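Residue-level listing of the chains:
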Amino acid sequence: MRTPTALSGPILEGHLRGDDRRIVIVAARFNERIVSRLLDGAVDCLVRHGVAADAIRVVRVPGAWELPVALDRVAARGDVDGLIALGAVIRGETPHFDYVCGPCASGVARVAQDHGLPVAFGVLTCDTTAQAEARAGGKAGNKGGDAASALLEMMDLFARMDGDGRTEDR
C-alpha cells in the first residue's frame, strides 16, 4: 500500500494472521446449501492463515434474524478474539426480505460496537438464488472467505493498536 505523501509516519493496518486467535462463526441454517459453502470458505481461509482448527467454534442458528442475538451472547462471554456472521437472505415475493436484512446488519454492527470486538459480516443479501450461489464459491468468489479475511485483518489491527505482543512483523 502506498503511503500518502502528506504523511510522515507509518500507516497502521492489520495483516492476515490468525495464530493464537479464537474465533466463533455464527451461521444460519436457513438456505443451508448456500451457507454451508460460505462456512467452508470461512474455515478454509482461517486455517490457511494460521488459526488452529480447534480454535474455531461454529454456532448454528435458525436464520439471519437470529444471528445478532447469538453473536451478542457469544461476545458477552469474553473468551473469543473475533466473530463471523454467516447467512443468506434471498428476496422472495413478500417484503420479508426487507424486514430481515436491515435488522440483521444493524444488529451485527451493534455487537461489534457494544463489545469492541471485530465482527465480520458474511451475510448475503441477494435478489436471486443464482446471485447467492455466485457469491458462495461461484464466479463472484466466496464471501465467507472474504469475511474471514476481513476478520483476520481487524483482529491483527486491534492487537497492534493495543500492543498485545502478538503482532511482530515476520
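Residues numbered from 1 in each chain as written. Predicted model: local features only at pLDDT ≥ 70, side-chain atom pairs only at ≥ 80, totals over all residues. Heavy atoms only, no water.

With that settled, consider the pairing of strand β3 (residues 82-90). Taking burial as the measure, the nine residues of β3 include eight buried ones, the bulk of the element. As paired elements, β3 and strand β4 (residues 119-126) share eight bridges and run parallel to each other. Bridging across to β4, L83 finds its partner in V119. Crossover handedness for the path β3 to helix α3 (residues 96-115) to β4: right-handed. (Buried < 20%, exposed > 50% of the residue type's maximum accessible area, 1.4 Å probe, protein only. Helix = DSSP H or I, 4+ residues; strand = E, 2+ residues; numbered from the N terminus. Pairing = 2+ DSSP bridges. Right-handed = clockwise from strand over helix to strand, strands pointing away.)

Now for α3. An ideal rise of 1.5 Å per residue puts 28 Å on 20 residues; α3 measures up with 29 Å between its terminal C-alpha atoms. Among the residues of α3, F97, V100, C101, C104, G107, V108 and V111 are the ones counted as buried. For α3, the angular spread of buried residues about the axis comes to 145°, placing them on one side. Residues of α3 that are exposed and angled more than 90 degrees away from the buried face: Y99, Q113 and D114. Where α3 is buried, its residues contact α2 (67-77), β3 and β4. G116, located one to two residues past α3, shows a positive phi value of around 60°. (Expected span 1.5 Å × (residues − 1). Arc of directions from axis to C-beta. Contact = heavy atoms within 4.5 Å.)

Our next topic: the sheet that holds strand β1 (residues 23-28). Overall, parallel pairing links the four strands, which are arranged β2-β1-β3-β4 in an open sheet. The strands lining the two open edges of the sheet, one partner per strand, are β2 (56-61) and β4. Averaged over neighbouring strand pairs, the angle between their axes works out to 15° when direction is ignored. Note that β1 and β3 share five bridges and pair parallel. (Axes fitted to C-alpha atoms, helices over the stretch in contact; angles between N-to-C directions.)

Backbone geometry follows two general trends: most residues other than glycine have a negative phi, and most peptide bonds adopt the trans configuration. The backbone phi angle of D20 is positive, close to 65°, even though this residue is not glycine. Residue placement: D20 occurs in the segment before β1. In this model, N31 sits at a positive phi of 60°, which is unusual for a non-glycine residue. Relative to the helices and strands, N31 resides in the loop between β1 and α1 (32-48). When its relative accessible area of 24% is taken as the criterion, N31 is described as partly exposed.

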